[in-house]
Amino acid sequence: MNLIPPLTGFSTNHHEWFVEDISLTDIAKEFNTPTYVYSLEALTTAFMAYDKACFRKDGSRRANIHFAMKSNSNLAILDIFNRLGAGFDLVSAGELARVMQIGVNPKKCVFSGVGKSKSEIEYALTLGLKCFNVESIPELYRINQIAGQLGLTANISLRVNPDIDAKTHPYISTGLKDNKFGIAYEDVIPTYMIAQQMPHCKIKGVDCHIGSQITDTQPYIDALNRILGLITELQDLGITFEHLDIGGGLGIVYADESPPHITEFANTLLDHIEAKGFGHLEVIFEPGRSLVGNAGILLTEIEYLKPGETKNFCIVNAAMNDLMRPSMYEAYHAIVAVKSKENLPVRNYDVVGPVCESGDWLGRDRDLAVEPGDLLAILSAGAYGASMSSNYNSRGRAAEVIVNKAQAHLVRERESIADLFSKEHIIKPASNP
Ligand code: LLP
């Protein structure tokens, strides 16, 4: 099986694969491998597909896009979305520092995450973010207390756990009762009542996120209906809202999934909210994967072909430390030979990396006509690829390149061997034991 998703920015003329106007062979020559390669056109097209739905017929804005930067936090990518008008959904001081580094307006940032530390809350309060998406009652108390100490007011929304089954991989499903995320549905109204009494918190919105790689609109409509019901009850209790954050999670095509088109998906949800009488609320989308997933590939080179009795292995120079999704979720990523070689026999391979784990595989049962030294492109790797990469087996992280037509820009240098242990120290033996 080697199903190839429809791609913007990447193409093949049946002999060779290109990113925009440059062949991936030329990218490998210039930047070496493994390298993440992104298409600017693909990033922009995905963003514009959301943006198109964000306006009412009279031209006024009804929704905003806050890029879930955990999916890809490279500064150049953040900068591209910032210039296109995005806000950001972030989950740590590190992510906040990244957007500050490129001059993002803090008022365009929402802070999600179940374990915000005291120092992270202080940092965010001092900058004056748009909103904290509060994930538990103790967190609400902590935010109120720190805001009081700093003499500031915290803008908050509660992340509602709507107890909806998004029918996605259990590791990336977040809106079920037994997930660690959000405030239990039945506790939401009492918690808003507590928040309303807090001297240093200002209620701004309602928030929700039900999972990731969701390829059907219905779980969103179900979650929305539950949340709109809560908003009505809360309004009757005198609590009003400025925004409704419906999270991220729209899936992409990795193989043969059939998610709705981004604009159609966003319009369906926004029209539903308006039809239910909540058109006055600013709606926030927090997409990650659907903005970057199919805008990036991982370019790698074949080191060895290793035939076996039951399996043939194609050993490449990228590994689970570069792209963790297959080993972590058994995720499928299409894998293509950058140059097709009709003279070679097609063989079935497991494409694996050099890391010392049997779980270090990038693709299983792939039919490829390849030889050592050939390049492979692992597709749909723009989301949760580089951002989840690690140094396991003391491997430096891959380079990252963004291509704009015929120009390739290095946006992250390959980590050097010296980078790997530059922060480590050996213990000097005591001179007089
Ligand atoms: N908002 C919140 C609060 C989230 O937790 C997430 C993702 C998003 C937005 C963005 O969701 P997206 O549009 O990307 O589906 N590492 C996994 C995915 C983890 C998603 C975690 N939350 C993977 O590689 O599939």
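Given the structure is predicted, the values throughout are model-derived calculations rather than measurements.

## So, the domain arrangement of the protein chain
Considered domain by domain, the protein chain is made up of domain 1 (10–39 + 293–414) and domain 2 (105–287). For domain 1 versus domain 2, the separation of C-alpha centres amounts to 36 Å. With 10 residues of domain 1 at the interface, the matching set in domain 2 holds 8 residues. Across the domain 1 to domain 2 interface the summed buried area is about 720 Å²; carbon plus sulfur atoms make up 60%. Ranking the residues of domain 1 by area buried against domain 2 places Asn-294, Tyr-329 and Tyr-332 at the top, with a combined share of 53%. Inspection of the region where domain 1 meets domain 2 yields 0 salt bridges. Across the contact surface, domain 1 and domain 2 share 1 residue pair in polar contact (both at pLDDT 80 or more). Considered class by class, the residues forming the side of domain 1 that touches domain 2 number 5 nonpolar, 4 polar and 1 charged.

## Notes on the packing of helix 2 (residues 40–53) against helix 3 (residues 75–84)
Taken N-terminus to C-terminus, the directions of helix 2 and helix 3 make an angle of 40°; their axes are 11 Å apart at the nearest point. The orientation of helix 2 relative to helix 3 falls into the category oblique. Between helix 2 and helix 3 lies a crossing whose hand is right-handed. From helix 2, Leu-40, Leu-43, Thr-44, Phe-47 and Met-48 reach across to helix 3, where they touch Ile-77, Ile-80, Phe-81 and Leu-84. Its residues assigned to classes, the contact of helix 2 with helix 3 comprises 8 nonpolar, 1 polar and no charged.

## Here we look at the layout of surface pockets
In this structure, the second largest pocket occupies an estimated 460 Å³ of space. Around the second largest pocket, the lining is made up of 22 residues, and of these Pro-6, Thr-8, Ile-262, Ser-290 and Asn-294 lie nearest the centre. Looking at the lining of the second largest pocket, the elements that each hand over two or more residues are helix 2 and helix 10 (289–292). Looking at the lining of the second largest pocket residue by residue, the class counts come to 14 nonpolar, 7 polar and 1 charged. For the lining of the second largest pocket, the two domains that each supply at least three residues are domain 1 (10–39 + 293–414) and domain 2 (105–287).

## Some remarks on helix 1 (residues 24–31)
By the burial criterion, the buried members of helix 1 are Leu-24, Thr-25, Ile-27, Ala-28 and Phe-31. For helix 1, the angular spread of buried residues about the axis comes to 160°, placing them on one side. Turned more than 90 degrees away from the buried face of helix 1, the exposed residues are Lys-29 and Glu-30.

## Examining the site of the ligand
Surrounding the ligand, one finds 18 residues, the nearest of these being Ser-212, Glu-286, Arg-325, Tyr-329 and Tyr-384. A distance of 2.9 Å is found between an oxygen atom of the ligand and a backbone nitrogen or oxygen belonging to Gly-288. Measuring from a nitrogen atom of the ligand, one finds a side-chain N or O atom of Tyr-329 at 2.7 Å. Notes on the ligand: free accessible area 580 Å², of which the protein chains cover 93%. Among the residues forming the shell around the ligand, the class breakdown is 6 nonpolar, 6 polar and 6 charged. Mapping the shell around the ligand onto the domain boundaries places at least three of its residues in each of domain 1 (10–39 + 293–414) and domain 2 (105–287).

## A look at the state of the cysteines
Applying the stated criterion across every chain, the model contains 0 disulfides. With no disulfide of its own, Cys-208 lies closest to Cys-131 among cysteine sulfurs, the gap being 14 Å. Free cysteine: Cys-356, not disulfide-bonded; nearest cysteine sulfur from Cys-314 at 18 Å. In this structure Cys-356 comes out as exposed when scored by relative accessible area, which is 67%.

## Some details on the nonpolar core
Core analysis: the largest hydrophobic core is formed by 106 residues, its most contacted members being Phe-81, Phe-132, Ile-156, Leu-244 and Leu-376. With 9 residues, helix 8 (residues 218–236) is the single largest residue contributor to this core. Each of domain 1 (10–39 + 293–414) and domain 2 (105–287) contributes no fewer than three residues to this core.

## Concerning the sheet that holds strand 1 (residues 10–12)
If you trace the 3 strands from one edge of the open sheet to the other, you get 1-2-3, paired in antiparallel fashion. Of all the strands in the sheet, the pair left with one neighbour each is strand 1 and strand 3 (22–23). Examined bridge by bridge, strand 2 (residues 17–19) and strand 3 share 2 bridges and lie antiparallel to one another. Counterpart to Val-19 in the pairing with strand 3 is Ile-22.

Reading the values: the criteria
- Residues numbered from 1 in each chain as written.
- Predicted model: local features only at pLDDT ≥ 70, side-chain atom pairs only at ≥ 80, totals over all residues.
- Heavy atoms only, no water.
- Domains from an automatic or database assignment.
- Contact = heavy atoms within 4.5 Å.
- Buried area = accessible area lost by both parts, 1.4 Å probe.
- Salt bridge = Lys/Arg side-chain N within 4 Å of Asp/Glu carboxyl O.
- Polar contact = N/O pair within 3.5 Å; in protein donor to acceptor, adjacent residues only side chain to side chain.
- Nonpolar A, V, L, I, M, F, W, Y, C, P; charged D, E, K, R; others polar.
- Axes fitted to C-alpha atoms, helices over the stretch in contact; angles between N-to-C directions.
- Helix = DSSP H or I, 4+ residues; strand = E, 2+ residues; numbered from the N terminus.
- Parallel < 35°, antiparallel > 145°, perpendicular 65-115°, else oblique.
- Left-handed = near helix turned anticlockwise from the far one by under 90°.
- 1 Å grid on protein atoms, 1.4 Å probe; cavity = no way out; pocket = protein on both sides within 12 Å on 5 of 7 lines; lining within 4 Å.
- Points joined across faces, edges and corners; volume = space filled by probe spheres on them.
- Buried < 20%, exposed > 50% of the residue type's maximum accessible area, 1.4 Å probe, protein only.
- Arc of directions from axis to C-beta.
- Near = heavy atom within 4 Å.
- Areas by Shrake-Rupley, 256 points an atom, 1.4 Å probe, with all protein chains shown as cover.
- Disulfide = S-S within 2.5 Å.
- Core = buried A, V, L, I, M, F, W, Y, C linked by side-chain atoms within 4.5 Å.
- Pairing = 2+ DSSP bridges.

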